[in-house]
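Remarks on the overall topology
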Amino acid sequence: MKIIDTHAHIFDSQFDNDIDEVVSRAKQNGVIKVLLPNIDATTIDALKDTSNLYPDFFIPMMGLHPTSIKDNWQTQLQIVENELQNNRYRAIGEIGIDLYWSKEFKQQQIDVFEMQLIWSKEMQTPVSIHSRNALKEVVASIQKIGQESLSGVFHSFGGTVEELDLILPMTTFYIGINGVVTFKNSGLDETLKHVSLDRVVLETDSPYLAPMPYRGKRNEPSYLTKILEKLAQIYSVSEDKVASITTQNAIHLFGI
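Going along each chain's sequence as written, the residues are numbered from 1 onward. Reporting of local features is limited, given that this is a predicted model, to residues whose pLDDT is at least 70; pairs of side-chain atoms are given and counted only at 80 or more, and all residues count toward the totals for whole chains, interfaces and linings. The side-chain quantities take in all heavy atoms of the structure and omit both hydrogens and water.

Counting residues in each nonpolar core, the largest one holds 70 residues, and the members touching the most others are Phe58, Ile142, Phe154, Ile175, Ile177, Leu192 and Leu231. Under the DSSP-based scheme used, a helix requires at least four consecutive residues in state H or I and a strand at least two consecutive residues in state E, with every element numbered from the N terminus. Per-element tally for this core: the top contributor is helix H8 (residues 224-235), with seven residues. Residues are treated as being in contact if the distance between any of their heavy atoms lies within 4.5 Å. Other than its neighbours up to four places away in sequence, Ile177 contacts Phe157, Leu192, Val200, Val201, Leu202, Glu203, Ile227 and Leu231. Buried Ala, Val, Leu, Ile, Met, Phe, Trp, Tyr and Cys residues that are joined via side-chain atoms within 4.5 Å together make up what is termed a nonpolar core. Any residue under 20% of the maximum accessible area for its type is buried, any over 50% is exposed, and the rest in between are partly exposed; the area is computed with a 1.4 Å probe on protein chains only.

Here the focus is the packing of helix H4 (residues 106-123) against helix H5 (residues 135-145). Orientation is described by axes fitted as lines to C-alpha atoms, over the contacting stretch for helices, and by angles from 0 to 180 degrees between their N-to-C directions. Close contact between H4 and H5 brings their axes to 10 Å; oriented N to C, the two are set at 40°. Classed by the angle they form, the pair H4 and H5 counts as oblique. The two elements H4 and H5 meet at a crossing, and its hand is right-handed. The segment H4 lies against H5, with Lys106, Ile110, Phe113, Glu114, Leu117, Ile118 and Lys121 engaging Glu137, Val138, Ser141, Ile142, Lys144 and Ile145. Split into classes, the residues belonging to the contact of H4 with H5 amount to seven nonpolar, one polar and five charged. Angle categories are assigned with fixed cut-offs, so that under 35 degrees is roughly parallel, over 145 is roughly antiparallel, 65 to 115 is roughly perpendicular, and the rest are oblique. By definition, any crossing whose near helix is turned counterclockwise from its far helix by less than a right angle is left-handed, and any crossing with a clockwise turn is right-handed. Here the nonpolar group is Ala, Val, Leu, Ile, Met, Phe, Trp, Tyr, Cys and Pro; Asp, Glu, Lys and Arg are the charged ones; every other residue, Gly included, is treated as polar.

Reading across the sheet, the five strands line up as S4-S5-S6-S7-S8 and stay open at both edges, with parallel pairing between neighbours. A strand with exactly one partner marks an edge of an open sheet, and here the two such strands are strand S4 (92-98) and strand S8 (200-202). When the angles between neighbouring strand axes are averaged without regard to direction, this sheet yields 30°. Here three bridges tie strand S7 (residues 173-177) to S8, and the two strands are oriented parallel to one another. For Ile177, the partnering residue across the bridge sits in S8 and is Leu202. The sheet contacts of helix H9 (residues 239-254) involve strand S6 (152-154), S7 and S8, and relative to S8 the element is tilted by about 95°. At least two DSSP bridges between two strands are needed for those strands to be called paired.

What follows covers the pairing of strand S2 (residues 31-36). Pairing of strand S1 (residues 3-5) with S2, which is carried by three bridges, proceeds in the parallel orientation. Bridged to Ile4 within S2 is Lys33. With the strands pointing away from the viewer, any crossover whose connection runs clockwise from the first strand over the helix to the second is right-handed. Where the polypeptide runs from S1 across helix H1 (residues 19-28) and back to S2, its parallel neighbour, the crossover connection is right-handed. The parallel pair S2 and strand S3 (residues 58-60) is bridged by helix H2 (residues 44-53), and the resulting crossover is right-handed.

What follows concerns the packing of aromatic side chains. Stacked, tilted and edge-to-face are the three classes applied to pairs of Phe, Tyr and Trp rings, where Trp contributes its six-membered ring and a pair requires centres within 6.5 Å; stacked means planes under 30 degrees apart, edge-to-face means over 60, and tilted covers the rest. For the structure shown, the criterion picks out five aromatic pairs. With 4.8 Å between their ring centres and 90° between their planes, Tyr100 and Trp101 make a pair best called edge-to-face. Residue classification places Tyr100 among the partly exposed positions, given a relative accessible area of 42%. The class for Trp101 is exposed, based on a relative accessible area of 64%. With 3.9 Å between their ring centres and 5° between their planes, Tyr214 and Tyr223 make a pair best called stacked. Residue Tyr223 is classed as buried on the basis of its relative accessible area of 15%. Of the aromatic side chains, those joined through ring pairs into one cluster are Tyr54, Phe57 and Phe58. Positioned over the ring face of Phe183 is Arg215, at 3.7 Å from the centre of the ring. Either the NZ atom of lysine or the CZ atom of arginine qualifies as a charge over a ring when it sits within 6 Å of the ring centre and within 35 degrees of the ring normal.

So this is what it looks like as structure tokens:
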């Protein structure tokens, strides 16, 4: 069984002391690739250093996270653009709009998101989208830039059927499912019955959102198997089938 973690922050300092063991456990549990989404200018060096440790295992992305968009957003965006122009990245991410924590920079978040979508369109590169309390705004931006020329994943999807209805017509976009699906009251088990496995990719969002029974602890890619188990229950299929379909989805989306 081969599975792909499409979203994990393994360059986070929480992995500084045992990254070799983390990678080993992941491989022992069938994980063949882990995609690493950038956050902002301050994480680029760590992202590169981590990717270079296991270049055949880690796949770096480059982007500017919406919660990092403050007064210095123009400088941050320029640094990200320089990285995309001068280095090879498999995807643009983590990008999007987040109106949960603050709406102070709402328009700047939208502007930065749309600029990165334009880069995605020009580079023919998929995007990894962070959307929190902002799905309508995110979809509107995608449609504005041109959804027919874009592709990507709605990272850490935990929404409703109504929110799914906004995403599913955009047939080149997938939803990323992580440990939240294992939480007792998440409601995702019912929501996912309205979407085919053909539109799902797996992720952990390590070190965050560890699945049951590890909830509250540091997450890591080896725990992807717990998400796999839960999806097999939801879709009433074998774990091998979930692994096969979601891995092919990730390979297709990210050109792995």
